[in-house]
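A structural walkthrough
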Amino acid sequence: MANPLPKVPVVIVGMGWAGGIIAAELAKAGIKVVGLERGKKRSTEDYFMVHDELRYAQRYEMMQDLSKETITFRNTEKARALPMRTYGSFLIGDGLGGAGVHWNGQTYRFLPYDFQIKSMTVDRYGAGKIPEGMQIQDWGITYDELEPYFDKFEKTAGISGEKDTHPNAPSGQATIRRGR
Amino acid sequence: MPTTPNKDSKPMSRRAFLRNSGLALGGVVLGGAFGTAIWKDREEQPQEAPPGASQTPAASGSYQDALMFFNQEQFRLTEAAVERIYPEDEHGPGAKKLGVAYYIDHQLAGNWGSNTKDYMMGPFSPGEATQGYQGRLTRASMFLIGLNGLKDYSQKTYGKAFPELEEAEQDEVLKAFEKGDKVKLNGTDAPSFFKNLRTFTLEGVYADPMYGGNKDMQGWKMRNYPGNQMSYYDQIEKDGLVKLEPKSLRDHMA
């Protein structure tokens, strides 16, 4: 039976990176948000054995239980869509934090050139460098405009790196937190 | 990673290469001369487990050395096959002494073998190669089909049980399964079985000893893999190579 809850101006389905950031920014602006997420609750104490590589990396402990719910997919229109029965290249996470919880990898900033790939190529090599029919475009937003947000996201996500002389390196220096 | 010339300029063995090529399983590489340092270190330290010296399983895992799933014949067959995939050599114990067959037995007995977290309901339909596993058999069933195939093929080709074959013959059988053209299995195919057997072997060698393989962390010790350290807090800022005794998940329970 439906259980009516107090109305809120914003409901976000999925509390991963995207939903989580939007919810946080809205909440900071004083707007009440309800976030919906599936899966079991997890907190720090649930990760006591997180170094168990077999359980977490090979057996996909953090991923959705496919026996309860899975997706169907096909790679061409002619193929028959079939359920994803076991995990392969595509991993579905669940729980608060979504894919952000089992997210790993290296997060580099895009370079100024990536945002202005067309104009910078033309500036440097001339218009003849871009073959006819190649549809590359500038993003319409530049590195400098986006830089404060790179910085903000890196601090939000705890991204760090060695301080180097690269002009586009993140501004923060990798430090080990002292004190236990 | 610097390559290290072998002292005797013999071609590098497979295991020496694995060891020297760093921590393929992950972990912290401390210092650029890591590979070289490990090599040197290994030359100087006494062998932890000279081949054939110790037949007694390490105390840490001995109660797990019993069967949850296989019968004796299936167990011996598995043990013989995994030993060919990860053989004992001058660097240390092979899959048999590392308890890999127990590891596989325990895995097949549990959730993984029963595909409890996979979608196993119908309707079933053969899929494209890109659509992954679409069968209805569990991993445990498929493994037994593979073992039966191994048994039959050995008997048919050499007139002997697989564990009784010479090593070279066992290798030929396994190669035939890997290739698959001469072996027909009912319900699965020989190359898939071989692939699973190989994956299970590597898991059994390198997964935490809690799971029944990697006896006494010997799989890790052979490669100087530090296992599951709680933290690298005390080492991360040190210069040069830091040698760590491996830690297992059991050490986290202290």
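How each quantity is defined
- Residues numbered from 1 in each chain as written.
- Chains lettered and ligands numbered in written order.
- Predicted model: local features only at pLDDT ≥ 70, side-chain atom pairs only at ≥ 80, totals over all residues.
- Heavy atoms only, no water.
- Salt bridge = Lys/Arg side-chain N within 4 Å of Asp/Glu carboxyl O.
- Buried < 20%, exposed > 50% of the residue type's maximum accessible area, 1.4 Å probe, protein only.
- Helix = DSSP H or I, 4+ residues; strand = E, 2+ residues; numbered from the N terminus.
- Patch = residues over 30% accessible without salt bridge, like charges linked within 9 Å, V, L, I, M, F, W, Y side chains within 5 Å.
- Areas by Shrake-Rupley, 256 points an atom, 1.4 Å probe, with all protein chains shown as cover.
- Expected span 1.5 Å × (residues − 1).
- Contact = heavy atoms within 4.5 Å.
- Core = buried A, V, L, I, M, F, W, Y, C linked by side-chain atoms within 4.5 Å.
- Pairing = 2+ DSSP bridges.
- Right-handed = clockwise from strand over helix to strand, strands pointing away.
- pLDDT = per-residue confidence, 0-100.
- Axes fitted to C-alpha atoms, helices over the stretch in contact; angles between N-to-C directions.
- Parallel < 35°, antiparallel > 145°, perpendicular 65-115°, else oblique.
- Nonpolar A, V, L, I, M, F, W, Y, C, P; charged D, E, K, R; others polar.
- Buried area = accessible area lost by both parts, 1.4 Å probe.

Digging into the pattern of salt bridges
Scanning the model with the defined rule gives 19 salt bridges over all chains in all. Of the charged contacts in the structure, one is a salt bridge between Lys68 of chain A and Asp65 of chain A, with a shortest N-O distance of 3.3 Å. Given a relative accessible area of 18%, Asp65 of chain A falls into the buried group. Close ionic contact of Lys215 of chain B with Asp65 of chain B constitutes a salt bridge, the shortest N to O distance being 3.0 Å. With Lys215 of chain B in the loop between α7 (190–206) and α8 (218–221) and Asp65 of chain B in the loop between α2 (34–44) and α3 (72–85), this residue pair connects regions lying 150 residues apart in the sequence. Taken individually, Lys215 of chain B and Asp65 of chain B each receive the classification buried, so the pair is uniform in this respect.

Brief notes about a nonpolar patch on the surface
Residue and element names in this part refer to chain A. A contiguous nonpolar surface patch, about 350 Å² in accessible area, is contributed by Val11, Val13, Val34 and Leu36. Counting residues per element, the ones that place at least two in the nonpolar patch are β1 (10–13) and β2 (33–36). Position of Val13 among the secondary structure elements: in strand β1. Among the residues examined, Val13 registers a relative accessible area of 70% and is labelled exposed.

Some remarks on helix α5 (residues 143–157) of chain A
Residue and element names in this part refer to chain A. The end-to-end C-alpha distance of α5 is 19 Å, a good match for the 21 Å that 15 residues give at a rise of 1.5 Å each. Where α5 is concerned, the buried positions are Tyr143, Phe150, Asp151 and Glu154. Where the residues of α5 are buried, they touch α3 (112–115). Among the residues trailing α5, Gly158 stands out with phi positive, at a value near 70 degrees.

A word on the nonpolar core
By size, the foremost hydrophobic cluster in this structure holds 43 residues, and its most contacted members are Ile104, Phe143, Leu150, Phe162 and Phe177 of chain B. Per-element accounting of this core gives the leading share, 7 residues, to α7 of chain B. One finds Tyr56, Leu66, Met84 and Tyr87 of chain A within the second-largest nonpolar core, a separate group that totals 7 residues.

Re unusual backbone geometry
All names here are of chain B. Note the cis peptide between Gly122 and Pro123, where omega equals 0 degrees. Tracing the sequence through the fold places Pro123 in the loop between α4 (100–109) and α5 (139–158). Even without glycine at this site, Asn214 takes up a positive phi of about 45 degrees. Relative to the elements of secondary structure, Asn214 occurs in the loop between α7 and α8. Despite not being glycine, Asp216 shows a phi value in the positive range, around 55 degrees. With respect to the helices and strands, the residue Asp216 is situated in the loop between α7 and α8. Among the residues examined, Asp216 registers a relative accessible area of 31% and is labelled partly exposed.

Concerning the pairing of β1 of chain A
Residue and element names in this part refer to chain A. Bridging between β1 and β2 involves 4 bridges; their strand directions are parallel. What sits directly across from Val11, in β2, is Val34. The parallel pair β1 and β2, bridged by helix α1 (residues 17–28), forms a crossover whose chirality is right-handed.

Comments concerning the confidence of the model for chain B
Residues and elements named next belong to chain B. Averaged over all residues, the pLDDT of chain B equals 82, while 76% of them reach at least 70. Within the model, pLDDT remains below 50 along residues 1–11, and this stretch shows 15 contacts once partners closer than five positions in the same chain are excluded. Note that residues 16–58 has pLDDT below 50 and, in this model, 78 contacts with residues that lie over four places away or in other chains.

What to know about the packing of α3 of chain B against α7 of chain B
Residue and element names in this part refer to chain B. Interaxial distance between α3 and α7 falls to 10 Å at its minimum, and their mutual angle equals 75 degrees. Classified by the angle their axes make, α3 and α7 are roughly perpendicular. For the pair formed by α3 and α7, the contact residues are Ala81, Val82 and Ile85 on the first element and Phe194, Leu197, Arg198 and Thr201 on the second. In the contact of α3 with α7, the residues fall into 5 nonpolar, 1 polar and 1 charged.

Notes on the confidence of the model for chain A
Residues and elements named next belong to chain A. Predicted confidence across chain A gives a mean pLDDT of 86, with 89% of residues reaching 70 or more. When the elements of chain A are averaged for pLDDT, α5 gives the smallest value, 90, and β1 the largest, 96. Segment residues 173–180: pLDDT under 50, and 14 contacts once partners within four positions in sequence are set aside and those in other chains are kept.

Comments concerning the interface of chain B and chain A
Think of interface size as the accessible area that goes away when the parts come together; that is how it is often given. Between chain B and chain A, the contact holds 39 residues from the first and 31 residues from the second. The contact between chain B and chain A buries some 2900 Å² in all, and 50% of this surface belongs to carbon and sulfur atoms. When the buried surface of chain B facing chain A is broken down by residue, Lys117, Tyr119 and Tyr233 of chain B rank first, second and third, together holding 26% of it. Viewed at the interface, chain A and chain B are joined by 1 salt bridge. Between Arg59 of chain A and Glu203 of chain B there is a salt bridge, and its shortest N-O distance comes to 2.8 Å. Elements supplying a minimum of two residues to the side of chain B that touches chain A: α4 and α7 of chain B. Its residues assigned to classes, the side of chain B that touches chain A shows 20 nonpolar, 12 polar and 7 charged.

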